[in-house]
Amino acid sequence: MAEVNVKKFESVGFNPDKYVKEISQVCVGGQELQQFRSKIQTLAEDSSAALKKNVYHNYMQFIETAKEIAHLESEMYQLSHMLTEQRTLLSTLASSSVAPAAPLESPQQEVKTEDRRVNLLTAIAEKVEGCASLLDYKDRGLCHEGDLLELDPVESVPLHRVHAYLLTDILLIATWISNRRGPAKYKFQAQYELDSLAVVNVRDLGNVRYAFKLLAFPDSRVFQCSSLNAKKEWLDQFEKAKKAKANQEHPKREAVSISDQHSLVHVDSVDSASNPFGDPDEDNSDEHEWLSEVSEDLDVLIAQRHFEEAHALIEKTKECLEKAPNVPTNLEIRRKLDQRITSLINALTAELTVTSEKSFQGGLRAARRSVRLLNLLGRSTQACDLFLQLCTSILKAQLKRVKREGATITYVKRLGGIFFTNLTDMTKEFYGRAFPNSPSLASVFVVWASQELSHFTSHFIKQVFMPQASLTSLAECVVSVRSQCQQLGELGMDLCYQLDGQLSPPITRCLTEARDKLTEAVKLRCVEDNWRPLNLNTPSALHKLSTELSDQGLTLTKYVTGDSWVELTANTVSFTKLYLSLVNDSLRLANCDMAYTVDKVLYDVLSAQLKHLLTSYKADKLSQQRPLIVKNASFILDSLVPVCEKSFVKHLNTPSHQLPLIVKEYSPKFRESGTNIIGYV
């Protein structure tokens, strides 16, 4: 069997027809010819792949060379402009005369008009970097120019300033050069043909004023003018330019359409008359001519990152192949098309794949194109996985920027704000733009959001629930995170139940530790209790204490005697303040599922204080202080406990079971002259 000799293909005098004849003489049978054809096809594909690698390898050098060429081009423009000025100056000097000027003739007027047009376009080419082809068209002229502010078409926020040139056949958009070298002030950004451009007026709404929209498939851009007059001028100039161009090309289009009709009639008559046997290869020769080049065209589009055009070409090719017969040529085209579809999918997935060198500056907006095309290609599941991986990386990068500085509550507010704000934006992006009609993927996003919340909560617990942290500080942090988590409920995804479930064990541990600390503090204060009424020394101090307790719902009116005396001990007043703080912090930390835990903690602390009162009440050496002890017990049971019960119901939507029990347990034990505590038997 003949072998493929690569050197023959590389020789200068290579003759394909002669080579095919030699191979057909050497090969025996159709099977060997097919094998030899497969080898040549493999060699062609390997050569194409090697060529692409070389192109990619030299791509950066090509970019650098292009930049240098652009700078040289700018200098050449400057030199050309100087020569033009010199020529204009010489022409002016030559035409100047002492005698009165003769009237200009029509040819001279045309020459001057043409010179002005060329000079104007040369000045534009000098100002705008990368516009060397402005002078390529003879009838091209400048209609209008000016500065515009480009707005985001979706969010209507300013993007950047541009300078636009409206010419007789195109619209040129250029951006400002911040660190320019040479005379160029702008850099070429985009060019739109007036035939394929639609200009739409934008109504003034909010901050968007004096704006108009340019529609040029597939782009949609919004520009804002400096004033209403400037906007009217732009719209009028657009209308005049489009009308002038349409009037200029109308005769040409009529001539072309007539010739096309004649050619189509001729081709149809030839096709219907020839080939009576209906050979499909001959019927679709023109179609096969462009179909045979589809693979190369797709390679170019994918290499140039024109993914939308590549997808459109793939769909067009699929439609043609569905109608085409299953001949070997079409089967080979289908095989190559499948390979290019795989290449396009790999390129799109590479756009979404997270790497260490990848920047997240564009956020999720930069991933919209790749996700949309992968959905169109039937890879929604793969697009969803890559999209969620990108979201995870963005969240990690955002949270790493939050440094723990200052107070804990400030750090927690910043941390939670960044996490839940980003999670809200990702939810809107997922359901609103990326996968709007994919209910099967909604559960995947919910599972992902649940996992991210678990990671955030674990980090939150490590940073906040520390042994030295106070219960008040913990309550502030937990309330802040819960309120931020509730904003997800407006989007139909409530994760508060999961947050409460993960926070329940550390909150229970903190409440238990707070109970033990307060119980020990009560015992220490009870040892030092001297059972004397509290003297605040000044009426202002008494008023301050009354105001502080009244804010919590307690009144001291019936326990006040004189200007500064209170028929309560210092121990009772101190315990009341601590207990109210415990009640407030516990109820803010807990949720409805933790009602029993909070109720038990409040019962244990209050029981420790009442045991001290009961022990003192039964002590024989304190028999003279029993009326004072009874008043302190009455204050706790009749005033403090009802306030705590109301707060319990208000925060947890369920009544306390332990606080009424403690009242019934201790109230009958405090008697003075045969009278019980008020309201209890």
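To be clear, the structure that these remarks concern was listed above.
As the structure is a computational prediction, the values presented were derived from the model and not from experiment.

## Some thoughts on the overall build of the protein
Thought 1: The number of helices and strands found in the protein is 22 helices and 11 strands.
Thought 2: The 681 residues of the protein split such that 36% are buried.
Thought 3: Here the contacts in the protein between residues at least 6 apart in sequence split such that 64% fall between residues at least 24 apart.
Thought 4: Here the protein has roughly 40,000 Å² of accessible surface; of this, 54% comes from carbon and sulfur atoms.

## What about the packing of aromatic side chains?
Thought 1: Overall, the coordinates contain 20 aromatic pairs when judged by the stated rule.
Thought 2: Centre to centre, the rings of Phe-430 and Tyr-431 are 5.3 Å apart; their planes meet at 80 degrees, and the pair counts as edge-to-face.
Thought 3: The exposure class of Tyr-431 is partly exposed, given its relative accessible area of 31%.
Thought 4: An aromatic cluster is present here, built from Phe-387, Phe-430, Tyr-431, Phe-435, Phe-445 and Trp-448 joined pairwise through their rings.
Thought 5: The positively charged end of Arg-626 is found above the aromatic ring belonging to Tyr-617, 5.5 Å away from the centroid.

## Side note on a nonpolar patch on the surface
Thought 1: Together, Leu-51, Val-55 and Tyr-56 make up an exposed nonpolar region whose accessible area comes to about 320 Å².
Thought 2: Structurally, Tyr-56 can be placed in helix α3 (residues 29-57).

## A short note on the environment of Leu-331
Thought 1: Residue placement: Leu-331 occurs in helix α11 (residues 328-352).
Thought 2: Separated by 10 residues in sequence, Leu-331 and Leu-321 place their C-alpha atoms 8.9 Å apart.

## A look at the sheet that holds strand β1 (residues 128-129)
Thought 1: Here we have 8 strands laid out as an open sheet, ordered β1-β5-β4-β3-β2-β8-β7-β6, and mixed in their pairing. Pairing within the sheet leaves two strands with one partner each, and these edge strands are β1 and β6 (198-202).
Thought 2: Relative to strand β5 (residues 186-193), strand β4 (residues 170-176) runs antiparallel, the two being bridged by 7 bridges. What sits directly across from Leu-172, in β5, is Gln-191.

## What to know about the packing of helix α17 (residues 496-527) against helix α19 (residues 570-589)
Working note: a packed helix pair is described by the angle between its axes plus the distance between those axes.
Thought 1: Running from N to C, α17 and α19 point in directions that differ by 175 degrees, and their axes come no closer than 12 Å. By the angle between their directions, the pair α17 and α19 is classed as roughly antiparallel. Counting all contacts with α17, which are made through Ile-507, Leu-511, Ala-514, Leu-518, Val-522, Arg-525 and Cys-526, the residues of α19 involved are Asn-571, Ser-574, Phe-575, Leu-578, Leu-582, Ser-586 and Leu-589.

## A look at helix α21 (residues 626-652)
Working note: α-helix, 3.6 residues per turn, so residues spaced by three or four point in the same direction.
Thought 1: With 27 residues, α21 should reach 39 Å at 1.5 Å per residue; the first-to-last C-alpha distance of 37 Å fits that figure.
Thought 2: At Leu-640, α21 shows its maximal bend, which comes to roughly 30 degrees, and the proline Pro-642 appears one to four places after that position.
Thought 3: Of the residues flanking the end of α21, it is Asn-653, one or two places downstream, whose phi is positive at about 55 degrees.

## What about the pattern of salt bridges?
Thought 1: Scanning the entire structure with this criterion turns up 20 salt bridges.
Thought 2: A salt bridge links Lys-577 to Glu-548, with the shortest nitrogen-to-oxygen separation between them at 3.8 Å. Here Lys-577 is found in helix α19, whereas its partner Glu-548 is found in helix α18 (residues 539-550), with 29 residues between them in sequence.
Thought 3: Under the relative-accessibility criterion, Lys-577 is labelled partly exposed at 35%.
Thought 4: Within the structure, one salt-bridge network assembled from shared partners comprises Arg-515, Asp-516, Lys-600 and Asp-604.

## What about the sheet that holds strand β11 (residues 565-566)?
Thought 1: As summarised here, the arrangement of the 3 strands in space is β9-β11-β10, forming an open sheet in which the pairing is antiparallel. For this open sheet the edge positions go to β9 (534-535) and β10 (560-561), each flanked by a neighbour on one side alone.
Thought 2: Here β9 pairs with β11 via 2 bridges, running antiparallel. Considered in β11, the bridge of Asn-535 is made with Trp-565.

## Quick notes on the side chain of Gln-224
Thought 1: Residue placement: Gln-224 occurs in strand β8 (residues 219-224).
Thought 2: Residue Gln-224 is classed as buried on the basis of its relative accessible area of 15%.
Thought 3: A polar contact is formed between the side chain of Gln-224 and the backbone oxygen of Arg-209, at a distance of 2.8 Å.
Thought 4: Ignoring sequence-local partners within four residues, the contact set of Gln-224 consists of Leu-148, Leu-149, Leu-151, Asn-207, Val-208, Arg-209, Tyr-210 and Ala-211.

## Some thoughts on the pairing of strand β3 (residues 158-167)
Thought 1: The pairing of strand β2 (residues 142-151) with β3 spans 9 bridges and is antiparallel. Counterpart to Leu-151 in the pairing with β3 is Pro-158.
Thought 2: Between the end of β2 and the start of β3, which pair antiparallel, lie 6 residues, with Ser-156 showing a positive phi angle near 60 degrees.
Thought 3: Of the strand pairs in this sheet, β3 and β4 are connected by 5 bridges, and their pairing is antiparallel. Its bridge partner lying in β4, Tyr-165 is registered against Leu-172.
Thought 4: Taking the residues between adjacent antiparallel strands as the criterion, β3 and β4 are bridged by 2 residues.

## Observations regarding the pairing of β8
Thought 1: One ladder, built from 3 bridges, connects β2 with β8; its direction is antiparallel. Bridge pairing in β8 places Leu-151 opposite Val-222.
Thought 2: Looking at chain direction, strand β7 (residues 211-216) and β8 are connected through 6 bridges and run antiparallel. Bridge pairing in β8 links Leu-214 to Arg-221.

## Some remarks on the side chain of Asn-330
Thought 1: Inspection of the secondary structure puts Asn-330 in helix α11.
Thought 2: According to the relative accessible area criterion, Asn-330 is buried, its value standing at 0%.

## Brief notes about the environment of Val-208
Thought 1: Position of Val-208 among the secondary structure elements: in the loop between β6 and β7.
Thought 2: The sequence separation of Val-208 and Phe-223 amounts to 15 residues, and the corresponding C-alpha distance is 9.7 Å.
Thought 3: Other than its neighbours up to four places away in sequence, Val-208 contacts Leu-151, Ser-156, Val-202, Arg-203 and Gln-224.

## A word on unusual backbone geometry
Thought 1: In this structure, Trp-531 takes a positive phi of about 55 degrees despite not being glycine.
Thought 2: If you trace the backbone, Trp-531 turns up in the loop between α17 and β9.
Thought 3: At Asn-653, a position not held by glycine, the phi torsion is positive, near 55 degrees.
Thought 4: Structurally, Asn-653 can be placed in the loop between α21 and α22 (658-666).
Thought 5: For Asn-653, a relative accessible area of 64% gives the class exposed.

## A closer look at the state of the cysteines
Thought 1: According to the stated counting rule, one finds 0 disulfides in the structure shown.
Thought 2: With no disulfide of its own, Cys-384 has Cys-391 as its nearest cysteine by sulfur position, at a separation of 9.1 Å.

## A word on α11
Thought 1: Compared with the 36 Å implied by 1.5 Å per residue over 25 residues, the 37 Å span of α11 between its first and last C-alpha is a close match.
Thought 2: Listing the buried residues of α11 in full gives Asn-330, Glu-332, Ile-333, Lys-336, Leu-337, Arg-340, Ile-341, Leu-344, Ile-345, Leu-348, Thr-349 and Leu-352.

Cut-off values and rules
Residues numbered from 1 in each chain as written. Predicted model: local features only at pLDDT ≥ 70, side-chain atom pairs only at ≥ 80, totals over all residues. Heavy atoms only, no water. Helix = DSSP H or I, 4+ residues; strand = E, 2+ residues; numbered from the N terminus. Buried < 20%, exposed > 50% of the residue type's maximum accessible area, 1.4 Å probe, protein only. Contact = heavy atoms within 4.5 Å. Areas by Shrake-Rupley, 256 points an atom, 1.4 Å probe, with all protein chains shown as cover. Phe/Tyr/Trp six-rings, centres within 6.5 Å; stacked < 30°, edge-to-face > 60°. Lys NZ or Arg CZ within 6 Å of the ring centre and 35° of its normal. Patch = residues over 30% accessible without salt bridge, like charges linked within 9 Å, V, L, I, M, F, W, Y side chains within 5 Å. Salt bridge = Lys/Arg side-chain N within 4 Å of Asp/Glu carboxyl O. Pairing = 2+ DSSP bridges. Axes fitted to C-alpha atoms, helices over the stretch in contact; angles between N-to-C directions. Parallel < 35°, antiparallel > 145°, perpendicular 65-115°, else oblique. Expected span 1.5 Å × (residues − 1). Bend = angle between axes of the 7 residues up to and from the residue. Polar contact = N/O pair within 3.5 Å; in protein donor to acceptor, adjacent residues only side chain to side chain. Disulfide = S-S within 2.5 Å.

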